[in-house]
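Spelled out, the chains give:
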Amino acid sequence: MDRVDTIVVGAGIAGLTAARLLTRSGRRVVVLEARDRIGGRVWSVREGGVVTDLGASWIHGVDGSPVAAAAAAFGLRTAEFTVGGYQPYSRPIAYYGPSGVRLTDDEVERFVADIEAVDAELARVVADFAPGRSYGEAVESALAAQGWEAERAERVREYLRHRTEEQYGVWIDELDAHGLDDDAIDGDEVVFPDGYDALATHLATGLDIRPGHVVTAVRWSSGGVEVTAGHGVFRAKFTADRAVVTVPVGVLKSAEFGIEPPLPEPVAGALARLEMNAFEKVFLGFSSKFWDEEVYAVRQQGPNGVWWHSWYDLTAVHGVPTLLTFAAGPAAKRTRGWEREKIVDSVLGELRRLYGDRVEDPVGVHVTSWQDDPCSRGSYAYMTVGAAPEDHDLLATPVGGVLHLAGEATWTDDPATVNAALRSGHRAACDVLGRSVPIEDVWATG
């Protein structure tokens, strides 16, 4: 049985950040990672000279971002690619109406004005809602206040449904009304042309990381922690004074990951009110570009866009003609288990509805399956109806003075981001040390 000062479970950004700070402070740290790679939900693949980020892709706002500061300190190459979240006006968008005909500039202007009007009312409605009301209810209240005819209201309603799905991978009626309170971006957004995983590689330098160690049990008491990894023939036990557990909410709630004694309040309640989403990426690479010029996205309205409604042009990032779309919320659940070819055919069917025979078969395809990944069981966490924003921070409440939870779901200000993961890892390290350490120490190289 190995004994160290601190066990970190998970070599994602939160775990690597905590381990790096603790190691720099002189603690003996071991990082147990179930996968055969580091990075967690930061995962870059390289094929044919093209780098594709299957997990996290963007820094959503570089102003005040520790991830942006770390990337700069480590010398990572970034490229500005501001999209403004799921917004109707950030960069040029080609909108296609329910009939499959592209909207004119005047039609787009009126549509965007409608969205802005509803968003303004929606902010007031949500502010008045107590936890326990859904985002869908808030949207209906905001739409009703406009007094519009059915078709006009439906276009905005479906837009807000899609925004909920793309932001949090969940159906609009399953997200708490306050579930998008963090939907704000400060400064430019950037991507990593050489792969986001370079951040994890730099954070991991010098750490004792044990890949292939699937943690199944964490036992804690006032005297410390015992962590069991593996099962059957391979079983390893580690003991320590403290443990930082950074596995996603989906793993925390699974029967395969046990914490004994069970998590106390307020941690248990916060965990019960958060859930893992259904959100997958579909990348399609083509030999030539057939879609509209000088737009960063293509969107279609109406019933045909229930699943496949938005395509993002990644050509400038990938160096070859590439579109990215998402199976989000209901679409991700319904297509779960589909063969890759069936998903691609479904997406191409909608593209051909808009562009006809110009749509060729793709020469490169990536389809993620985070829902089926036993190490994540989804892409990131969302607030179920009845949750409150502070549940994210409550999830990180230290347990018994020895157990600390970290990860994107444990940070209230901007959950579901790499920024949240890094900040939560920093907080966990400070809690373990019992003192504050500068966040800049995360990317210090000396």
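None of these values were measured; they are calculated from a predicted model. (Residues numbered from 1 in each chain as written. Predicted model: local features only at pLDDT ≥ 70, side-chain atom pairs only at ≥ 80, totals over all residues. Heavy atoms only, no water.)

**Re the overall build of the protein chain**
- Along the backbone of the protein chain there are 13 helices and 21 strands.
- Compactness check: the protein chain gives a C-alpha radius of gyration of 22 Å against a globular reference of 22 Å for 446 residues, within 12% of the reference.
- In terms of its C-alpha atoms, the protein chain occupies a principal-axis envelope of roughly 65 × 50 × 40 Å.
- In the protein chain, the proportion of contacts linking residues at least 24 apart, taken out of those at least 6 apart, comes to 73%.
- Accessible area of the protein chain: about 17,800 Å², with a carbon and sulfur share of 50%.
- One finds the centroid of the 42 positive side-chain charges in the protein chain at a distance of 6 Å from the centroid of its 66 negative side-chain charges. (Helix = DSSP H or I, 4+ residues; strand = E, 2+ residues; numbered from the N terminus. Rg over C-alpha atoms; globule rule 2.2 N^0.38 Å. Contact = heavy atoms within 4.5 Å. Areas by Shrake-Rupley, 256 points an atom, 1.4 Å probe, with all protein chains shown as cover. Lys, Arg positive; Asp, Glu negative; His and termini not counted. Charge placed at Lys NZ, Arg CZ, Asp CG, Glu CD.)

**A short note on the sheet that holds strand β5 (residues 58-59)**
- Pairing is antiparallel across the open sheet formed by 3 strands, whose spatial order is β5-β8-β6. At either end of the open sheet lies a strand with only one pairing partner, and these are β5 and β6 (79-80).
- As defined by bridge partners, β5 adjoins strand β8 (residues 190-191) across 2 bridges and the pair is classed as antiparallel. By the bridge assignment, I59 is partnered in β8 with V190. (Pairing = 2+ DSSP bridges.)

**What about the environment of E440?**
- Within the fold, E440 resides in the segment after α13 (418-433).
- Considering only alpha carbons, one finds E440 and R41, 399 residues apart in sequence, at a separation of 23 Å.

**Re helix α5 (residues 150-168)**
- Taking 1.5 Å per residue as the helical rise, α5 with its 19 residues ought to reach 27 Å, and the 26 Å between its terminal C-alpha atoms agrees with that figure.
- In terms of burial, α5 is largely enclosed, as 14 of its 19 residues are buried.
- One or two residues past the end of α5 sits G169, with phi positive at roughly 60°. (Expected span 1.5 Å × (residues − 1). Buried < 20%, exposed > 50% of the residue type's maximum accessible area, 1.4 Å probe, protein only.)

**Some points on α13**
- Here α13 contains 16 residues, and its C-alpha end-to-end distance of 23 Å stays within 8% of the 22 Å for a straight helix at 1.5 Å per residue.
- With 14 of 16 residues buried, α13 lies mostly within the body of the structure.
- Two residues or fewer after α13 comes G434, characterised by a positive phi angle close to 75°.

**Quick word on the side chain of S376**
- With respect to the element layout, S376 can be found in the loop between β19 (364-367) and β20 (381-383).
- The residues contacting S376, other than those within four sequence positions of it, are R35, R41, P248, G250, V251, M276 and W370.

**A word on the pattern of salt bridges**
- For the structure on display, the rule yields 30 salt bridges.
- With a shortest N-O distance of 2.8 Å, D194 and R77 are connected by a salt bridge. Residue D194 is located in the loop between β8 and α6 (197-203), and its partner R77 is located in the loop between α2 (66-73) and β6; the two are separated by 117 residues in the primary sequence.
- Ionic pairing is found between E275 and K253, a salt bridge with its closest N-O pair at 3.2 Å. Of the two residues, E275 sits in strand β14 (residues 274-276) while K253 sits in the loop between α7 (249-252) and β13 (258-260), which places them 22 residues apart along the sequence.
- Here K253 falls in the partly exposed class, since its relative accessible area comes to 34%.
- Connected via shared salt-bridge partners are E140, E154, R157 and R161. (Salt bridge = Lys/Arg side-chain N within 4 Å of Asp/Glu carboxyl O.)

**Notes on a negative patch on the surface**
- A contiguous patch of negative charge, built from D105, D106, E107 and E109, is present on the exposed surface.
- Locating E107 in the fold gives a position in helix α3 (residues 105-128). (Patch = residues over 30% accessible without salt bridge, like charges linked within 9 Å, V, L, I, M, F, W, Y side chains within 5 Å.)

**Here we look at the environment of Q371**
- Note on placement: Q371 falls in the loop between β19 and β20.
- Along the sequence, Q371 and D114 sit 257 residues apart, while their C-alpha atoms lie 35 Å from each other.

**Remarks on the nonpolar core**
- Among the nonpolar cores identified, the biggest contains 46 residues, and Y135 and V156 are the most heavily contacted of them.
- Among the secondary structure elements, those contributing two or more residues to this core are β7 (93-96), α3, α4 (135-144), α5, β15 (279-285) and β18 (322-328).
- Here the element with the most residues in this core is α3; it accounts for 8 residues.
- Residue contacts for Y135: discarding those within four places in its chain leaves L122, V126, R163, T164, I172, L175, D176, A177 and L180.
- Listed in part, the 42 residues of the second largest apolar core include A19, V31, L422 and C430. (Core = buried A, V, L, I, M, F, W, Y, C linked by side-chain atoms within 4.5 Å.)

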